[in-house]
Amino acid sequence: MTDLPPTSLVASTPEDLLAMVPIVIGFAPSESAVMLTFAAEHCFHARVDLPARPDEVDDLVAALLEPARRNRVRRVVFVFYADEPGRAARAWRGLRGGCRDAGIEVLEALRVDGRRWFPLLGGDRRIRELGVPYDISAHPFAAQAVVDGRVTHASREELASLLLPDPDRAAVVAELADDLPVPADLRSEGEWVDGLVRAHTAARTTPSDAEVARLLRALMQRRLRDAAWSSLTRADAQRHVDLWVAVLRRTPTPYTPPVATLLGFAAWQSGHGALAWCAVDRCAEVDPDYTLMTYLASALTHALPPSSWEADVRWDAGLSA
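Values in this document were obtained by computation on a predicted structure and should not be read as measured data. Residue numbers here run from 1 along each chain, matching the order of that chain's written sequence. In view of the model being predicted, local features appear only for residues whose pLDDT reaches at least 70, and side-chain atom pairs are presented and counted only at 80 or more, with totals across whole chains, interfaces and linings using the full set of residues. To obtain the side-chain values, all non-hydrogen atoms of the structure were used and water was disregarded.

A. Expanded view of the pairing of strand 5 (residues 105-112). Two strands pair under a simple rule: DSSP has to find at least two bridges between them. In DSSP terms, a helix is any run of H or I states spanning at least four residues, a strand is any run of E spanning at least two, and both are numbered starting from the N terminus. One ladder, built from seven bridges, connects strand 4 (residues 75-81) with strand 5; its direction is parallel. Counted as the bridge partner of F80 is R111 from strand 5. We call a crossover right-handed when, viewed with the strands running away from us, the connection from the first strand over the helix to the second turns clockwise. Read from strand 4 through helix 3 (residues 85-102) to strand 5, the crossover connection turns out right-handed. As paired elements, strand 5 and strand 6 (residues 116-119) share three bridges and run antiparallel to each other. Note on strand 6: the bridge partner recorded for R111 is F118. Counting the residues between successive antiparallel strands, the hairpin from strand 5 to strand 6 contains three residues, one of them, G114, with a positive phi of roughly 95°.

Below you can see the structure in the form of structure tokens.
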């Protein structure tokens, strides 16, 4: 689940909707159900995998409509990305009934197979059967996204690959980090961590390998992880995203959970829900019970807005000077 981004896009045709979805999701979906929400206390968009079996449809309906009800959504648009009509039809039947029961109006519903879109709310029978060819490669929305600095990836897998470690760089950092002692003076080390994060996010620079190694060693302790978290605000969240992506690319596997979670939290605060979920997945591969990650996953699942979190991380509370 992701907040709607600052890029202003107003869709008036099916082609507009199809051009909008990859921009607001962050990648081109496949075999997916996408929901865009309107007229709500907190508008958001969401993507889930299409269920492979009929008995999984209820889970899809719950995953999309429970956050919609919680945020008092009144209107939605659905786009189903599926080569096989049956999978999309099952999901559409479940969501249509769920929206009817919840009093949510469906403004538009389409199935897309990569070449044609098919209306699901009625219309001309011939169009419903044959579909309408489309090409969004030169759509004005794509140009606007480039101007606004928004990157759209070809797939979720491509997005997730940005968070994989560079083996050579991670090996260098691992050797440095493993030779470092466990920080003994938490206040002194926390001040170093806080200062490092503030300096690099302000200058939009990346730490050296030696700095990354010391940072990773520190982040394994909750207090020091929170020191790295303490300067994050919604205004500078994208700078934190850039920093933690760069650090994660050099992070050996055992040190992954705190770095991936800090990245995920920054991505949530900057409105990049897909990237936040990829970061949650990276953390869960190493430690599925990492506490801060589970809190972040819950916030994303329930479509909580970034504004629901107030920056007040007091990592040094109770530490002697």
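B. Structural detail: the environment of R116. Within the secondary structure layout, R116 lies in strand 6. Apart from residues lying up to four places away in sequence, R116 is in contact with R111, L130, G131, V132, P133 and Y134. A distance of 3.2 Å separates a polar atom in the side chain of R116 from the backbone oxygen of L130. A distance of 3.5 Å separates a polar atom in the side chain of R116 from the backbone oxygen of G131. Between two residues, a contact is recorded if the distance between any of their heavy atoms is within 4.5 Å. For this analysis, a polar contact is any N or O atom pair within 3.5 Å, provided that within protein one partner can donate a hydrogen and the other can accept it, and provided that sequence-adjacent residues contribute only side-chain to side-chain pairs.

C. View of unusual backbone geometry. Although it is not a glycine, R72 sits at a positive phi angle of roughly 55°. Summarising the element assignment, R72 is placed in the loop between helix 2 (57-70) and strand 4. We classify R72 as exposed; its relative accessible area is 57%. In this structure, R204 takes a positive phi of about 55° despite not being glycine. The topology assignment puts R204 in the loop between helix 8 (186-203) and helix 9 (209-219). Exposure is judged per residue with a 1.4 Å probe applied to protein chains only, and the accessible area is read against the type maximum: over 50% gives exposed, under 20% gives buried, and values in between give partly exposed. Judged by its relative accessible area of 54%, R204 falls in the exposed class.

D. Quick look at the side chain of R250. Topologically, R250 is positioned in the loop between helix 11 (237-248) and helix 12 (256-269). Only 2.8 Å separates the side chain of R250 from the backbone oxygen of P207, close enough to count as a polar contact. The contact partners of R250, leaving out residues within four places of it in the chain, are R169, A170, V173, T206, P207, S208, D209, V212 and L216.

The analysis is restricted to geometry; functional conclusions fall outside its scope.
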